[in-house]
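Examining the three-dimensional arrangement
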Amino acid sequence: MPEAKPYNIPKQLVWEAYRRVKANRGAAGVDGESLTAFEKNLKDNLYKVWNRMSSGSYFPPPVRLVEIPKDNGGMRPLGIPTVADRVAQTVVKMVLEPLVEPVFHEDSYGYRPGRSALDAVGTTRKRCWETDWVIDLDIRAFFDSIPHDLVERAVAHHADLPWVRLYIARWLRAPVQWPDGALGERTKGTPQGGVISPLLANLFLHYAFDLWMRRTFPRVRFERYADDTIVHCRSERQARAVLAAIRGRFEQCGLELHPTKTRIVYCKDDDRPGMFEHIRFDFLGYTFQPRRAKNRWGKHFVSFLPAISTRAAKAIRQAIRQWQMASTRNNQRLEDLARLTNPVVRGWMNYYGRFYRSKCVQVLRHLNVALAAWAQRKYKRFRRRERASMHWLGRIARRDPKLFVLWELGVRPEAGG
């Protein structure tokens, strides 16, 4: 007689996994079951997950495929698992992550505890001052291209629990369901949107890139956030040689560098004369390029610095326009708009204002313009009188500077909008 529960998975682990899924929320999968609906029969639903995982009979349902717009105008496919499947994936992630996290490279920043995108941006800024050239790597359709056999080999190297390897293999091969209901087989890749996918992607690139770089080019430094990678080189000649080697390495691992988005960049500043085809690059929502700066004695010079990227600034302005369209009800007050916008503006400022703050502030001034336009629509005395509505906002900002996070940061309506 086969053992009824061949895998020892503690029930408490499933419960903790559910708590993490609940905190992250997320949309419904192919079964249409929301987190709220899942919780209506929570005890039974969690028992089913535990029972099937413990017995080896858990098979993940198809992943619901949705496409979201990318900053560059294309579409990014996202795979959304069901709530129960997110719980199951989180169980495996909670077991696998402590096994692989200690061996990850110090310059890998993405989806890792205690590390952030801003850490990667800050390190990149420092190293751009120290070396003159950068390789901006772009892997074509990375999450859709990861070879399953290499991922499974990496997992097996760290995890000796058979059920961890079993369920990762099943998730890698779970079909996708298109919006029209058709199912698609997956022979490679791991869907963006899956709980386990970022960890598997990091583990794969740890062997495909991080350790390979350490062996092959031990003095060449890099920052990697998931598949977004910046490599620092001393000369153009070195950059071309390293890029050629990386391209060959990725081909061995089933990946392809994007032919036009991957580029060599010259970190031009006052101490680096001459010109080159590319003197700027984008990384994690920041654009690195030559910018005016001021030294400790007040003298201006040109340095190679990050600031909020054009794409990120465009997205912020678009979000503010959407708030403006949504705030047309006559019964709305400024306090209502403050509650709507303050958490988001605070997040923008905390992220995009970390480096070259003035550029982020310049973008956020659009909120004052949107508030003035709201006042013109709400109050007849301000119709076609933008300056008057801005002065009115300025008086409120002086009286109650903490009403809007933007005003609290010193970006007042009377200061140019």
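That block above? That's the structure.
Here goes a summary of the coordinates provided.

What counts as what
- Here the residue numbering is sequential within each chain, running from 1 through the sequence in written order.
- At least 70 in pLDDT is required for a residue's local features to be given in this predicted model, at least 80 for side-chain atom pairs to be given and counted, and no such filter applies to totals for whole chains, interfaces and linings, which use all residues.
- Here the side-chain values reflect all heavy atoms present in the structure, with hydrogen atoms and water set aside.
- Using a grid of 1 Å spacing that covers the protein atoms alone, one calls a set of points a cavity when a 1.4 Å probe fits there but cannot get out, and a pocket when the set is open and has protein on both sides within 12 Å along at least five of seven lines; lining residues are those with an atom within 4 Å of a point.
- Grid points are joined across faces, edges and corners, and a volume is the space filled by probe spheres set on the points.
- Each residue gets one of three labels, nonpolar for Ala, Val, Leu, Ile, Met, Phe, Trp, Tyr, Cys and Pro, charged for Asp, Glu, Lys and Arg, and polar for the others, Gly among them.
- In this description, strands pair whenever DSSP reports at least two bridges between them.
- Strands here mean DSSP runs of E at least two residues long; helices mean DSSP runs of H or I at least four residues long; both are numbered from the N terminus.
- What counts as an axis is a line fitted to C-alpha atoms, over the stretch in contact for a helix, and the angles between N-to-C directions run from 0 to 180 degrees.
- Take the residue count of a helix, subtract one, and multiply by 1.5 Å to get its expected span.
- Per-residue accessibility, obtained with a 1.4 Å probe over protein chains only, is compared with the maximum for each type, and a residue is labelled buried under 20%, exposed over 50%, and partly exposed between these values.
- Any pair of N or O atoms that falls within 3.5 Å is considered a polar contact. Within protein, one atom must be able to donate a hydrogen and the other to accept it, and sequence-neighbouring residues count only if both atoms are side-chain atoms.
- Here Asp and Glu are counted as negative and Lys and Arg as positive; His is not counted, and neither are the chain ends.
- By convention in these notes, a salt bridge is any Lys or Arg side-chain nitrogen within 4 Å of a carboxyl oxygen on Asp or Glu.
- Every residue pair with non-hydrogen atoms within 4.5 Å of one another is taken to be in contact.
- Throughout, nonpolar core names a set of buried Ala, Val, Leu, Ile, Met, Phe, Trp, Tyr and Cys residues whose side chains join them through atoms within 4.5 Å.

It is worth spelling out empty space enclosed by the protein at this point. Over the atoms rolls a probe the size of a water molecule, and its path tells where empty space is left. In the structure shown here, the tally under the stated rule is two cavities of 30 Å³ or more. Roughly 50 Å³ of volume is contained in the second largest cavity. Along the walls of the second largest cavity sit Val-63, Gln-89, Trp-171, Ala-174, Arg-186, Thr-190, Pro-191, Gly-194, Ile-196 and Ser-197, which together make up its complete lining. Its residues placed into classes, the lining of the second largest cavity shows five nonpolar, four polar and one charged.

A few words on the sheet that holds strand β11 (residues 300-308). Sheet architecture is open: three strands sit in the order β9-β10-β11, paired in antiparallel fashion. Whereas interior strands pair on both sides, the edge strands pair on one side only; in this sheet they are β9 (281-283) and β11. For this sheet, the mean inter-axis angle between neighbouring strands, taken without regard to orientation, is 50 degrees. Pairing between strand β10 (residues 286-294) and β11: nine bridges, direction antiparallel. Counted as the bridge partner of Thr-287 is Ala-307 from β11.

A separate point is helix α5 (residues 117-130). Under the 1.5 Å per step criterion, the end-to-end length of α5 is 20 Å for 14 residues, consistent within 8% with the ideal 20 Å. When we look at burial in α5, the residues that qualify are Ala-117, Leu-118, Ala-120, Val-121, Gly-122, Thr-123, Thr-124, Arg-127 and Cys-128. You can read the cap of α5 off the contacts: a side-chain oxygen lies 3.4 Å from the backbone nitrogen of Leu-118, and it is on Ser-116.

Note that Arg-291 resides in strand β10. Buried charge without a partner: Arg-291 forms no salt bridge, and the closest opposite charge is Asp-282, 7.1 Å away. Aside from chain neighbours lying at most four places away, what touches Arg-291 is Phe-301, Val-302, Ser-303, Leu-305, Pro-306, Ala-307 and Tyr-356.

Among the nonpolar cores identified, the biggest contains 68 residues, and Met-53, Val-231 and Ile-246 are the most heavily contacted of them. If we skip the residues at most four places from it in the chain, Val-231 touches Trp-133, Val-134, Ile-135, Leu-137, Phe-209, Met-213, Val-220, Arg-221, Phe-222, Val-242 and Ile-246. Core analysis: the next-biggest nonpolar cluster, separate from the first, contains 56 residues, Val-363, Leu-371, Phe-382 and Phe-404 among them.

With that settled, the discussion passes to the pattern of salt bridges. One pass over the full model with this rule turns up 17 salt bridges. Ionic pairing is found between Glu-39 and Lys-22, a salt bridge with its closest N-O pair at 2.9 Å. Taken together, the residues Glu-39 in helix α2 (residues 35-40) and Lys-22 in helix α1 (residues 11-24) connect sequence positions 17 residues apart. Taking the relative accessible area as the measure of exposure, Glu-39 reaches 23% and is therefore partly exposed. Its relative accessible area of 35% is what places Lys-22 among the partly exposed residues. Taking the shortest distance from any N to any O, the salt bridge between Arg-112 and Glu-101 comes out at 2.7 Å.

The phi angle of most residues is negative, glycine excepted, and most peptide bonds adopt the trans form. Of note in the backbone geometry, Ala-141 takes a positive phi value of approximately 45 degrees without being a glycine. For Ala-141, the position within the fold is in the loop between β3 (133-137) and α6 (142-145). On the accessibility criterion, Ala-141 (42% relative accessible area) is partly exposed. Residues other than glycine seldom take positive phi values, yet Tyr-356 does so here, at roughly 50 degrees. Mapped onto the elements of the fold, Tyr-356 is located in the loop between α12 (334-352) and α13 (357-378). A relative accessible area of 29% places Tyr-356 in the partly exposed class.

Take the pairing of strand β7 (residues 228-233) next. The two faces of a sheet get side chains in turn, since along a regular strand they alternate between them. Most of β7 sits inside the fold, with five of its six residues counted as buried. Two elements, β3 and β7, share five bridges in a ladder whose sense is antiparallel. Within β7, the position partnered with Asp-136 by the bridge is Ile-230. Of the pairings in the sheet, the one linking strand β6 (residues 222-225) to β7 comprises four bridges and is antiparallel in character.

Structural measurements only, silent on function.
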